[in-house]
Structure formats: structure tokens, C-alpha cells
Amino acid sequence: MRQKFVTIQYLRGFAAMLVLASHALLYPLVDEHLGYSRLGWLGVILFFVISGFIMVAVTGEGRFSASAFLRRRFIRVVPMYWGATLLAAALALLAPQVFKTTVYDTGQLVLSLLFVPFYNPVSHGIHPLYKLGWTLNYEVFFYVCFALLAFLGAQSRVVWLTIAFTVLAVLGALLQPGPAIAQFYTSFMPLAFCAGAWLGLATLRGRLGTLSRWVIGLALVLGLAGLVEGFVFDQGIMEDGFAFIGFVTFASALVLLAVHFEPRLPRVALFEHIGDASYSIYLVHIYEVAILAGLAFRLLDPADLWADYFVAGVSIIGGTLAGILLCRYVEQPVLRFCSGLFSGSRPKVAPAPAE
């Protein structure tokens, strides 16, 4: 299946905007705000559900080439992430005041570029040098696991992927491992990919387009209930398992409804552009937020709630524009160059969902 789902692109853009809004709201705060943090976490979970959906939908029912799949994923993800990481390392070394929780460390830089999880004593979590890269560590883990199942049919791939990630999550809950790598890979977070993978399988078999009204209504009710539960449930930590269930339910409902109503929804060029630029928005927005907020709060009082909201609003607009420009003038040329480098030609780059 090589179809580009425009509504899925809208959701990619929505996910990026959630992460952007979260950081724009959090930046002036001294302490973390659980609601604002969960806003960005919801965006990440939505990204993971979409990734699971896309990978199953585009690889089709049969077997596929694991090497070709990983090559396309490498081209799509790694060069831009490496660029963002190297830029963060350079700024942390030369202008450390730009960041709140990023400090240059050569060992951390190497581990970050290799997608190896480690405990970061500055951010007090399992984060790479460029903190946003923790989500890419999960994405790469998912891609490798998915490629290892390339010899199976689509349904078997999804079943075994779900079993593997569920077993890891159960082991993590029972054993509570201390080492960063074991702790990272036994998290419940990869289960979001599985939720999307099952939706991708249903799409391959034409089931999401023929759902009855009561199923659509049920998905809507469960999705909204999950959204409320995800924000209301509070044990004082952002990545809470019960809140995760709510957010996965909401994200899955969004993807289900988006695919079901794809033929009936109008195309909105702005939303499509934001979706196409979602990866660039994700990678670049923290720089834009830091620079703009740093300048704005020289004139405004960060203790003023209305000033915070005003700066956050401007940062959201600025981060979106920065991401669109980065996508057009950096990401797309990099993708074309890398595609040509690996294939020996310079083909046009397909939209992200068809990668």
C-alpha cells in the first residue's frame, strides 16, 4: 500500500503541535507542570501510534526486504536527528545558557548518535544529549524489531510484535530494572506502536472504512474518556501507566476516525504542510522556543501568567514556521541527497507515510 493518508498527515502535524505547545508553556517555569508535560507526552504517544500504523500499512500483507526497510528508515530519520544532536552539542559547548537541562559531554554525544539509552544526570532521566531524542531511540528500536519480523506476513508480524513488547513491559513492571538500557526497553511506551500496528492491519484489510455507526460512536466516546483520564489521573509523575492507557486509547481513536473519514474530509493545505513538516517542527522547535522566550522574558515577567501564555502563543506560531522552513530548505534536500547517495540516483522524495 503506497497511499498517502492526508488525515494521518494532519494528525502528525497535530502531534508535533502538542509537543511544541508543551515546551512553549513549560520553558518559563522553574518546576515541571504535570498538565503541560502530559500535553507533550500525548503528542509523543500519538506519534508512536501513527508510526505503528504507517509501518504496517506501507509494508503490506506479505514479506518485505528488511535491509531496504531499514535503509529507508535510516534516510528518513537519522541524518536530521544527527544534525540536531550535533547542533545541540555545539551550542551546549559554546553557548550553554541557551539550554535549561543540556550540558555538553563527549561520551553522551557518542551514545546519543548511536541511539544507545543512558541515564542523564542533568535531566534526571534516560535522555540523550539532545533531550528530545529519547523518542527517536524508541522509534529506532521499533524499526529494528519490525525489520526482524520481515519474513512473516502482516498479521503474524503484528501479533509477534505485540507479544514481544507486552512481555518486555510485564518484565519491566515486575523486575523494575535499574540499568538504563534494561529500564528503557522494558517500558510500556513501545505498546503504543502495537496499537497503531493493529489499526494498520485493519486498514490493509479494508475494515476501517466500513465501520458501523455504533463502532464509530464507541471509538469517539472511548477516545474522549481516555483523553480526560490521561490528564486527570495524577500520581505525581508524567509517564504514568494508567495515564498512558488513556492517551493510547485517545490516539488510537483519532487514527481510526481519521482513516475512516479520509474520503469525506476536505484537504486543508495548511494542515497538510504542517503534517509534512512535523519531523522538522519536532526537531527545531526547542531552539526557537528557547531563543524567543529568552528574548521575550528580558522584557516580560515570567511570573506573569498572561505573559507566559502570550510568549507561548508566539512560540507556537514561530516554531511551526521554523519547522516548515527547515523542512523545505533542509530536510527535503537532505532526503533527496541521501536517497541519491544510497540508490545511485536523485529521485524525488516520497511523502513520509509512503517511506
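Located above this text is the structure these notes cover.
Throughout what follows, the structure given in this document is the object of discussion. The structure displayed is predicted, hence computed values, not measured ones. (Residues numbered from 1 in each chain as written. Predicted model: local features only at pLDDT ≥ 70, side-chain atom pairs only at ≥ 80, totals over all residues. Heavy atoms only, no water.)

The number of helices and strands found in the protein is 13 helices and two strands. Scaling as 2.2 N^0.38, a compact globule of 355 residues should have a C-alpha radius of gyration of about 20 Å, and the protein matches this with 20 Å. When its C-alpha atoms are laid out on the principal axes, the protein stretches across 55 × 50 × 50 Å. Taking all 355 residues of the protein together, 52% fall into the buried category. Here the analysis covers contacts within the protein between residues at least 6 apart in sequence; of these, 76% occur between residues at least 24 apart. Carbon and sulfur atoms make up 70% of the accessible area of the protein, which totals about 16500 Å². (Helix = DSSP H or I, 4+ residues; strand = E, 2+ residues; numbered from the N terminus. Rg over C-alpha atoms; globule rule 2.2 N^0.38 Å. Buried < 20%, exposed > 50% of the residue type's maximum accessible area, 1.4 Å probe, protein only. Contact = heavy atoms within 4.5 Å. Areas by Shrake-Rupley, 256 points an atom, 1.4 Å probe, with all protein chains shown as cover.)

Before going further, it helps to spend a moment on the pattern of salt bridges. According to the stated counting rule, one finds three salt bridges in the structure shown. Across the salt bridge formed by Glu 331 and Arg 76, the nearest N and O atoms sit 2.7 Å from each other. Of the two residues, Glu 331 sits in helix H13 (residues 305-343) while Arg 76 sits in helix H3 (residues 66-94), which places them 255 residues apart along the sequence. By the burial criterion, Glu 331 is buried, and Arg 76 matches it. Here Arg 267 and Glu 272 are joined by a salt bridge, their closest N and O atoms 2.7 Å apart. Taking the relative accessible area as the measure of exposure, Glu 272 reaches 12% and is therefore buried. (Salt bridge = Lys/Arg side-chain N within 4 Å of Asp/Glu carboxyl O.)

Attention now moves to helix H2 (residues 34-59). Given a rise of 1.5 Å per residue, 26 residues ought to cover 38 Å, and the 37 Å separating the end C-alpha atoms of H2 matches this to within 8%. Counting buried positions over the 26 residues of H2 gives 24, a clear majority of the element. Looking one or two residues beyond H2, the residue adopting positive phi is Gly 60, at roughly 80°. (Expected span 1.5 Å × (residues − 1).)

Here we take up the environment of Gln 9. Turning to its location among the elements, Gln 9 is positioned in helix H1 (residues 6-26). C-alpha separation for the pair Gln 9 and Phe 115, spaced 106 residues apart in sequence, amounts to 26 Å.

This part takes up a nonpolar patch on the surface. A surface patch of nonpolar side chains, amounting to about 860 Å² of accessible area, comprises Val 159, Trp 160, Ile 163, Val 167, Val 170, Leu 171, Leu 174, Leu 175 and Trp 198. Looking at the nonpolar patch, the element that brings in the most residues is helix H6 (residues 154-175), giving eight residues. With respect to the element layout, Trp 160 can be found in helix H6. (Patch = residues over 30% accessible without salt bridge, like charges linked within 9 Å, V, L, I, M, F, W, Y side chains within 5 Å.)

Turning to the packing of H3 against helix H12 (residues 278-296), a few remarks are in order. Packing of H3 against H12 brings their axes to within 11 Å, and their N-to-C directions diverge by 5°. It follows that H3 is roughly parallel to H12 by the angle criterion. The residues of H12 that touch H3, namely those facing Arg 76, Val 77, Met 80, Tyr 81, Ala 84, Leu 87, Ala 88 and Leu 91, are Tyr 279, Ser 280, Leu 283 and Tyr 287. Among the residues forming the contact of H3 with H12, the class breakdown is 10 nonpolar, one polar and one charged. (Axes fitted to C-alpha atoms, helices over the stretch in contact; angles between N-to-C directions. Parallel < 35°, antiparallel > 145°, perpendicular 65-115°, else oblique. Nonpolar A, V, L, I, M, F, W, Y, C, P; charged D, E, K, R; others polar.)

In total, this model carries 26 aromatic pairs according to the counting rule given. Ring geometry for Phe 69 and Tyr 143: centres 6.3 Å apart, planes at 80°, overall edge-to-face. Highlighted residues: Phe 69 in helix H3 and Tyr 143 in helix H5 (residues 134-148), separated in sequence by 74 residues. Where Phe 74 meets Trp 82, the ring centres are 5.9 Å apart and the plane angle is 85°; that geometry is what we call edge-to-face. Here the guanidinium or amino end of Arg 73 rests over the ring plane of Tyr 143, the centre of that ring lying 5.2 Å away. (Phe/Tyr/Trp six-rings, centres within 6.5 Å; stacked < 30°, edge-to-face > 60°. Lys NZ or Arg CZ within 6 Å of the ring centre and 35° of its normal.)

Here we come to unusual backbone geometry. Not every positive phi belongs to a glycine, and His 124 is a case in point at roughly 60°. Relative to the assigned elements, His 124 resides in the loop between strand E1 (119-120) and strand E2 (125-126). Overall, His 124 belongs to the exposed group, its relative accessible area being 61%. One non-glycine residue, Gln 176, lies in positive phi territory at about 45°. Its place among the elements puts Gln 176 in the loop between H6 and helix H7 (180-185).

With that settled, consider H6. Counted at 1.5 Å a residue, the expected span for H6 with its 22 residues is 32 Å, and the 31 Å between its end C-alpha atoms agrees. Taken as a whole, H6 has its buried residues at Ala 154, Arg 157, Val 158, Leu 161, Thr 162, Phe 165, Ala 169 and Gly 172. Down the axis of H6, the buried side of the element spans an arc of 125°, and every buried residue falls inside it. H6 presents Trp 160, Leu 174 and Leu 175 as exposed residues on the side facing more than 90 degrees away from its buried surface. Buried residues belonging to H6 abut H2, H5 and helix H8 (191-204). Two residues or fewer past H6, Gln 176 is found with a positive phi of approximately 45°. (Arc of directions from axis to C-beta.)

Take it as geometry only, folks, not as evidence of what the structure does.
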